[in-house]
2 protein chains.
Amino acid sequence: MAPTSFLPHLLFILVISSINSSFSLPTFFPRAPQQSLAQSSTKTTNKNSKLPYTAHYFPQQLDHFTFKPNSYKIFYQKYLINSTFWDQGPTRAAPIFVYTGNEGDIEWFASNTGFMMDIAPKFRALLVFIEHRFYGESLPFGKDSHKSAEKLGYLSSSQALADYAVLIRSLKQNLSAEASPVVVFGGSYGGMLAAWFRMKYPHIAIGALASSAPILQFDDITPWSSFYDAVSQDYKEESNNCYEVIKGSWDELMAVAEQKDGLLKLSKTFKTCKSLHSVYSVRDWLSTAFTYTAMVDYPTKADFMAPLPAYPIKEMCKIIDGFPAGTNKLTKVFSAASLYYNYSGTHQCFDLENGTDAHGLDGWDWQACTEMVMPMTVSNKSMFPPSTYNSKDFEEECVQKYGVRPRPHWITTEFGGYKIKQVLKRYGSNIIFSNGMRDPWSRGGVLEKISSSITALVTEEGAHHLDFRSATKEDPKWLVEQRKQEMEIIQSWIDQYHADLKDSSMNQ
Amino acid sequence: MAPTSFLPHLLFILVISSINSSFSLPTFFPRAPQQSLAQSSTKTTNKNSKLPYTAHYFPQQLDHFTFKPNSYKIFYQKYLINSTFWDQGPTRAAPIFVYTGNEGDIEWFASNTGFMMDIAPKFRALLVFIEHRFYGESLPFGKDSHKSAEKLGYLSSSQALADYAVLIRSLKQNLSAEASPVVVFGGSYGGMLAAWFRMKYPHIAIGALASSAPILQFDDITPWSSFYDAVSQDYKEESNNCYEVIKGSWDELMAVAEQKDGLLKLSKTFKTCKSLHSVYSVRDWLSTAFTYTAMVDYPTKADFMAPLPAYPIKEMCKIIDGFPAGTNKLTKVFSAASLYYNYSGTHQCFDLENGTDAHGLDGWDWQACTEMVMPMTVSNKSMFPPSTYNSKDFEEECVQKYGVRPRPHWITTEFGGYKIKQVLKRYGSNIIFSNGMRDPWSRGGVLEKISSSITALVTEEGAHHLDFRSATKEDPKWLVEQRKQEMEIIQSWIDQYHADLKDSSMNQ
């Protein structure tokens, strides 16, 4: 979810879409609007040097699961620490809260997971944020890390989880904190990793808070159309007219494009800095705005990737609904999308087609082409142009780009997902799956309570890992309540851990 | 546990021991006595062509956890099937019993796990035995599979578990048996794999019966001296004199060796076919006999690797105790060891030093040098010559032999082990750990009940996965009772699974 390095998948599809007109599919997070269209660096510039963390580098093993001479190669994995509130010492055994980093610079997750910092004093917890291999500075082959399948091959979720296991174990040993319970936190893909970490390494983490983790978005567990249906529902629930305008805008867009000088007209309507080469750039530009605004439809103003007002979908629909009768749909949707791209009002024009430059072999794009295969379609119910999913085409694209075939059933083989309630009810404990229903990714999440210790916290008005953001005075009651529940549940895990620890009969 | 391919580790140490006189450490199972000293083939000849199984070959992926071009290489993994008793059909969903193969030809495990065949009719179960990669016919690089660390690097427990997951999932799909619950079975290293499979893949197996699985033999969880202390205790409990004779025999052995023509004298005493070159060959020959006899100290006569009478330790001690006063110790221990090597009476002489030939890069030896590091020492309490464990020396030996360093903490990082009671009580279910206390490997096993659904079945007079052997009329009551308990527990897992399946609220 780092601002610049997240659109690899989207970028990838954008490139494709300009060829075959297929609809672009979302990645977890887009590049930051202001930056993404202006720069193509894969390194985020959104680093907050004032973060209250110290950076460290752990000598990590390249390949945990094979024992070839190459497997032993060491790379330096970055992690951040804040020990301000930690009640250290072997007798106290205060907890360690670990963020299982996802697809981007670890600073970005640290600065956007204020929740952990907010609760650290109450728990007297040590905070650790571990960067995911092949992102940020944790590049096993330095600048060449993304240059070939031979190198990128080591970028996988299983290797990342093993990295966390090895690092946490070593850290606890070095800090003489072996008795301290570890709780893992993660949002989005990081939330999947947190949940999976608890499932695969229950001996290392006593529990996991997985926020907006669509672990059921794989194979055919979740209907493929649910993501865009959910986005559309957000708009429809706000205003049926708003939904209908957006839904009708695509035909109008194509109709204008087919006119003489159509692209020139569109260039004017969409205030592009340069003349447009393809109508699909506009389509993707618009759908990106509507989709990502749904994800970050937060109840307070936020500056996640760019400044946005509270409830930005409501604001977008206000714009659309506020036009006088007879205004054409493209003018309306352009204005609405401008809220997403230009809320601060600094842009005079938009560079819609810069984003279609292939940025090379980015991390998430690779992951999407290997194991993180989340098929999506766009149904007639949605407000987006209908789109199907063809696994053969997808495979061909990946083979062409990376020379590797996707393994679409691997995630469900390795981590499960089918009949998750039946499986986890009988095997597992201490996981919170939190989801906000405004976030379209919620549809691939765990939305039902599984057992007394595997809980689903669902907020109707929440968005993509909203609970992980720093508390603000404007937070609605239900959000304050959600975070309070999370803290209570985490406290119960820690209490149980300490009670078990005292029970000497368990110290086999 | 295949008869010829098991002594790699022991062989390895034997080679070393002839240099530095360190005591040889056990592998799970020795080569078959008659064969091992005569032939050096790594393929067992103990195949029973009359086995009621059909052989199949599954196209398996070389590396599940990386996505390099090489990772996608396919090899053919052998598995055996018996569907005689299976009540197939989507509505019946009768269970699938899978044996998670260990370090050897899969036929050998199938023919020595008669328990599964015995219980299949009652459960109407499909039986599947899956061969472990790099053993038997499941060689990813054919005959060259064991020729370099580059190739052997793909031999690891995690890869093996993923093999089983992928194969089982595919098999269920091909058989339209997706609703059939899978129970995994394994003995010894295969028992570790069965237990770990349930821990890592609870969505694929509803339960595991792990027989004689020393999953706590790693790091410093179990005292390093416990294995040989346990062997010694077996003899001491049988007869203190027997224990004392064996314990005293090593000094006598060394004293004779130091005499003029000592080795020649020993060659005569031990009826060697060729003159001895080293006294350590005799030491290892004897200790092997006493150690492995403890493992297979079954209450009925058995023909596991070689024919042996019921309670062979009792018989060995009878031999030792039966000599007239004044007989020297070496004569006594030679006679006792002969029971192990020559119960059938077919050998006229023994080839003690053939076993010290390095057999090259065998599978288990590789595994012991990479992840399956189970440190062992011999204490003064034992009847064996004292021996220490030096991890640096061990590492050097492995580097010298394979060019790879052991990763002694990896197994406990990946699978846990420390505070297992505390961890599994709160996370896990449906595992039976069965152990017989006559088996020295039991000391590294789970011997205490962990929770209502993670059980330890301990038999005082049981030996190495005795419960997995075919039932015989001579089986003692406690063994019949143990197997009955195992069946009842497995039945309860299946019943629970079907009850959950009917509960539609769980079919998320």
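Details of the structure are given in the entry above.
Residues numbered from 1 in each chain as written. Chains lettered and ligands numbered in written order. Predicted model: local features only at pLDDT ≥ 70, side-chain atom pairs only at ≥ 80, totals over all residues. Heavy atoms only, no water.

## A closer look at the relation of the copies chain A and chain B
In step 1: Superposing chain A onto chain B takes a rotation of 180° plus a shift of 0.0 Å along the axis, which leaves an RMSD of 0.0 Å. With respect to symmetry, the two chain copies, as superposed, fit the operation of a two-fold axis.
In step 2: When the interface residues of chain A are mapped onto chain B, 100% of them again fall at the interface, so both copies present the same face. (Least-squares fit on C-alpha atoms with pLDDT ≥ 70 in both. Contact = heavy atoms within 4.5 Å.)

## Observations regarding the packing of helix α6 (residues 157-174) of chain B against helix α7 (residues 189-200) of chain B
All names here are of chain B.
In step 1: At a minimum axis distance of 10 Å, the contact between α6 and α7 shows a crossing angle of 65°. Relative to α7, the crossing made by α6 is right-handed. Every residue of α7 that contacts α6 at S157, L161, Y164, A165 and I168 is listed here: Y189, L193, W196 and F197.
In step 2: Looking at side-chain class alone, the contact of α6 with α7 contains eight nonpolar, one polar and no charged residues. (Axes fitted to C-alpha atoms, helices over the stretch in contact; angles between N-to-C directions. Helix = DSSP H or I, 4+ residues; strand = E, 2+ residues; numbered from the N terminus. Left-handed = near helix turned anticlockwise from the far one by under 90°. Nonpolar A, V, L, I, M, F, W, Y, C, P; charged D, E, K, R; others polar.)

## Details of the interface of chain A and chain B
In step 1: At the junction of the two partners, chain A supplies 66 residues and chain B supplies 66 residues.
In step 2: The contact between chain A and chain B buries some 6,000 Å² in all, and 54% of this surface belongs to carbon and sulfur atoms.
In step 3: Summed over the shared surface of chain A and chain B, the number is six salt bridges.
In step 4: The salt bridge involving B:R426 is made with A:D500; its shortest N-O contact spans 2.7 Å.
In step 5: For the interface between chain A and chain B, the tally reads 33 residue pairs in polar contact (both at pLDDT 80 or more).
In step 6: Among the secondary structure elements, those contributing two or more residues to the side of chain A that touches chain B are α5 (149-152), α6 (157-174), α7 (189-200), α14 (363-370), α16 (410-415), α17 (420-426) and α18 (477-502) of chain A.
In step 7: Class assignment of the residues belonging to the side of chain A that touches chain B gives a composition of 28 nonpolar, 21 polar and 17 charged. (Buried area = accessible area lost by both parts, 1.4 Å probe. Salt bridge = Lys/Arg side-chain N within 4 Å of Asp/Glu carboxyl O. Polar contact = N/O pair within 3.5 Å; in protein donor to acceptor, adjacent residues only side chain to side chain.)

## Looking at the sheet that holds strand β9 (residues 431-436) of chain A
Residues and elements named next belong to chain A.
In step 1: In space, the eight strands of this open sheet follow the order β1-β2-β4-β3-β5-β6-β9-β10, with mixed pairing throughout. Looking at which strands have only one partner, the edges of the open sheet turn out to be β1 (54-61) and β10 (454-459). Along the sheet, successive strands turn relative to each other by an average axial angle of 20°, direction set aside.
In step 2: Both strand β2 (residues 74-82) and strand β4 (residues 126-130) contribute to a ladder of four bridges, which runs antiparallel. Looking across to β4, one finds that N82 is bridged to L127. (Pairing = 2+ DSSP bridges.)

## Digging into the pattern of salt bridges
In step 1: Under the counting rule described, the total for this entry stands at 40 salt bridges over all chains.
In step 2: In this structure, the salt-bridge partner of B:K381 is B:D229, at a minimum N-O distance of 3.9 Å. You can see B:K381 sitting in the loop between α14 (363-370) and α15 (391-402) and its partner B:D229 sitting in helix α8 (residues 226-238), a full 152 residues away along the chain.
In step 3: The structure contains a network of salt bridges with shared partners spanning A:D234, A:E237, A:E238, A:D297, A:K314 and A:R438.

## Section: the pairing of strand β10 (residues 454-459) of chain B
Residues and elements named next belong to chain B.
In step 1: Judged by how many residues are buried, β10 sits mostly within the fold: five of six residues are covered.
In step 2: Pairing analysis gives six bridges linking strand β9 (residues 431-436) to β10, with the strands arranged parallel. Within β10, the residue paired with I432 across the bridge is T455. (Buried < 20%, exposed > 50% of the residue type's maximum accessible area, 1.4 Å probe, protein only.)

## Quick notes on a nonpolar patch on the surface
In step 1: Residues A:Y57, A:I74 and A:Y76 make up a contiguous nonpolar surface patch of about 310 Å² in total accessible area.
In step 2: Relative to the helices and strands, A:Y57 resides in strand β1. (Patch = residues over 30% accessible without salt bridge, like charges linked within 9 Å, V, L, I, M, F, W, Y side chains within 5 Å. Areas by Shrake-Rupley, 256 points an atom, 1.4 Å probe, with all protein chains shown as cover.)

## Description of unusual backbone geometry
In step 1: For A:K419, which is not glycine, the phi torsion reads 50° and is therefore positive.
In step 2: As for its position among the elements, A:K419 is in the loop between α16 and α17.
In step 3: With relative accessibility at 34%, the residue A:K419 sits in the partly exposed group.
In step 4: For B:H465, which is not glycine, the phi torsion reads 30° and is therefore positive.
In step 5: Turning to its location among the elements, B:H465 is positioned in the loop between β10 and α18 (477-502).

## As for the sheet that holds strand β5 (residues 182-187) of chain B
Across a sheet, strands are paired by hydrogen bonds formed along the backbone, either parallel or antiparallel in direction.
Residue and element names in this part refer to chain B.
In step 1: In spatial order, the strands read β1-β2-β4-β3-β5-β6-β9-β10; together these eight strands make up an open sheet with mixed pairing. Strands at the two margins of the open sheet, each flanked by one partner only, are β1 (54-61) and β10. Strand after strand, the sheet turns through a mean of 20° between neighbouring axes, direction not considered.
In step 2: Pairing analysis gives five bridges linking β5 to strand β6 (residues 207-211), with the strands arranged parallel. Each bridged residue has a counterpart across the sheet, and for G186 the counterpart in β6 is A210.

## Quick look at the state of the cysteines
Residue and element names in this part refer to chain A.
In step 1: The tally for this structure, following the rule as stated, stands at six disulfides over all chains.
In step 2: Disulfide partner of C273: C349, at an S-S distance of 2.0 Å. A torsion of 95° about the S-S bond marks the disulfide between C273 and C349 as right-handed. Taken together, the residues C273 in the loop between α10 (262-269) and α11 (279-295) and C349 in the loop between α13 (329-342) and α14 connect sequence positions 76 residues apart.
In step 3: What pairs with C369 in a disulfide is C398, and their sulfur atoms sit 2.0 Å apart. Every disulfide takes its handedness from the sign of the S-S torsion; for C369 and C398 that torsion is -80°, giving left-handed. In this pair, C369 is assigned in helix α14 and C398 in helix α15 (residues 391-402), connecting sequence segments 29 residues apart. Neither residue differs from the other here; C369 and C398 are each classed as buried.
In step 4: Numbered by order of appearance in the sequence, the disulfide-linked cysteines of chain A pair as 1-3, 2-4, 5-6. (Disulfide = S-S within 2.5 Å.)

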